[in-house]
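If you want the building blocks of each chain, they are given just below.
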Protein chains: 2
Amino acid sequence: MSTSPESLQPLDVSLSPQERFEEYLQTRGLRQTSQRKFLIDAVFDEHEHFDADELIDRLPRRGEKNYVSSATVYRTLREFVDAGLLKSFQLDGRTVYELDYGYPQHDHLYCTKCKQLFEFQSDLLVEMRDKVASEMGFRVTGHRMIIQGICRECTKGRRKKRKQDLV
Amino acid sequence: MSTSPESLQPLDVSLSPQERFEEYLQTRGLRQTSQRKFLIDAVFDEHEHFDADELIDRLPRRGEKNYVSSATVYRTLREFVDAGLLKSFQLDGRTVYELDYGYPQHDHLYCTKCKQLFEFQSDLLVEMRDKVASEMGFRVTGHRMIIQGICRECTKGRRKKRKQDLV
DNA sequence: ATTAGTGCAAATATTTTGCACGGAT
DNA sequence: ATCCGTGCAAAATATTTGCACTAAT
């Protein structure tokens with residue numbers, strides 16, 4: 001937008017998340033703050049799936065350098081979703097975020113035992129979605145598909161080492 | 001269970017939700033209270049989709065006959081899900097319930113404008129789900145598919161009368 | 001200089017829980 | 001007579017918001 005490139009070209013692929021967010025901010029007259037810059041790095045450097053709480057846990061504490069208040073983390077995560085950088089969905093009551101920008105469309109399998117999320121991609125699903133929607137007179141803006149079950153590891157008796165086992 | 005009928009026969013179809021819940025309670029040594037009886041009637045007499053708050057709103061107030069405390073409503077809704085009478089899922093932060101017992105498997109379209117839920121049924125979706133799951137080594141216990149978009153009514157300019165328009 | 005952004009704490013919203021009493025078995 | 005279930009209020013969770021101050025433009 002700022003440098004007006006040829007219009008029909010998908011700019012996206014050539015911009016880093018950081019650049020893309022800058023663009024988003026500029027087009028809306030929003031400001032580029034140290035918190036926003038820090039957070040976008042923190043989010044895109046690290047995780048695949050996370051919630052606000054997990055993210056806050058990994059960030060500097062109050063008093064430390066680069067501390068960002070929880071309120072700002074929540075506010076900024078919503079901006080990231082707005083900007084198309086992240087996607088969010090609800091799982092077990094909390095809001096889960098995942099990287100969207102630069103990632104192919106996909107859906108999830110959720111192991112209700114180890115609480116891990118796995119991804120899968122299915123064009124068939126999207127086709128089916130669009131067919132159903134058009135039959136119902138719906139203009140689709142998105143969907144959320146989560147397959148629940150027990151993952152391979154958890155199926156074989158006692159699970160071995162797993163990340164968040166403190167639950 | 002209590003009268004031990006022929007084993008391979010699907011008992012379900014012949015039992016009312018009330019009977020089915022009784023059975024559930026009996027097999028677990030739980031008690032049949034007036035609150036549980038009242039709630040199962042309230043739930044199965046009325047609604048398709050609802051959340052705890054909406055249900056509580058429709059029930060007798062404190063002091064009135066058949067009053068049930070919110071805590072008990074929450075506790076009992078979870079029992080209903082446990083008993084296979086209701087299904088629950090998260091939508092916009094709240095827990096939505098719907099009748100499950102006696103209803104065919106289905107999924108939802110959600111209009112983000114009027115907040116209405118619509119249903120659809122697709123065997124293809126279930127097939128796809130099972131295929132994906134088996135490829136991933138998952139033992140499926142269920143799934144949740146929600147197609148978001150704008151419904152037909154909301155697409156044609158200003159929507160007309162709609163239920164929960166107080167939002 | 002303007003005014004959006006932030007940190008803080010309080011407010012919300014939703015659901016859960018501890019506890020003493022009452023009721024179902 | 002047990003001890004599960006309930007109502008109540010307080011707690012827990014997760015997220016949002018009002019406000020005064022700070023900082024980006």
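Residues numbered from 1 in each chain as written. Chains lettered and ligands numbered in written order. Predicted model: local features only at pLDDT ≥ 70, side-chain atom pairs only at ≥ 80, totals over all residues. Heavy atoms only, no water.

As annotated in an unreviewed UniProt entry, chain A is Ferric uptake regulation protein from Rubripirellula amarantea. UniProt's Subcellular location (unreviewed entry) comment on chain A is quoted here verbatim: "Cytoplasm". (UniProt positions renumbered as here; feature names shortened; annotations may be inferred.)

On the side of chain B, 33 residues touch chain A, which itself brings 33 residues to the contact. Here chain A packs against chain B, burying approximately 2900 Å² in sum over the two surfaces, 69% of which is carbon and sulfur. Connecting chain A to chain B are zero salt bridges. Taken together, the links from chain A to chain B amount to 14 residue pairs in polar contact (both at pLDDT 80 or more). Contributing elements (two or more residues each) for the side of chain A that touches chain B: β4 (107-111), β5 (117-120), α5 (123-135) and β6 (139-150) of chain A. The dominant element in the side of chain A that touches chain B, judged by the number of residues it contributes, is β6 of chain A, at twelve residues. Considering only residue class, the side of chain A that touches chain B consists of 18 nonpolar, nine polar and six charged. Where β6 of chain A and strand β6 (residues 139-150) of chain B come together, eleven bridges link them in antiparallel fashion. Each bridged residue has a counterpart across the sheet, and for Arg-139 of chain A the counterpart in β6 of chain B is Ile-150 of chain B. (Contact = heavy atoms within 4.5 Å. Buried area = accessible area lost by both parts, 1.4 Å probe. Salt bridge = Lys/Arg side-chain N within 4 Å of Asp/Glu carboxyl O. Polar contact = N/O pair within 3.5 Å; in protein donor to acceptor, adjacent residues only side chain to side chain. Helix = DSSP H or I, 4+ residues; strand = E, 2+ residues; numbered from the N terminus. Nonpolar A, V, L, I, M, F, W, Y, C, P; charged D, E, K, R; others polar. Pairing = 2+ DSSP bridges.)

A few words on the protein's contact with DNA strand C. Surrounding DNA strand C, one finds 21 residues, the nearest of these being Thr-33, Gln-35, Ser-69 and Thr-72 of chain A together with Arg-31 of chain B. Sugar and phosphate atoms form 64% of the subset of DNA strand C atoms that lie within 4 Å of the protein. Within the side chain of Tyr-67 of chain A, an N or O atom sits 3.0 Å from a phosphate oxygen of DNA strand C. Residue Gln-32 of chain B places a main-chain N or O atom 3.3 Å away from a phosphate oxygen belonging to DNA strand C. Counting residues per element, the ones that place at least two in the surface near DNA strand C are α2 (34-45) and α4 (70-82) of chain A together with α4 (70-82) and β3 (94-99) of chain B. At four residues, the largest contribution of residues to the surface near DNA strand C is made by α4 of chain B. Its residues assigned to classes, the surface near DNA strand C comprises seven nonpolar, six polar and eight charged. (Near = heavy atom within 4 Å.)

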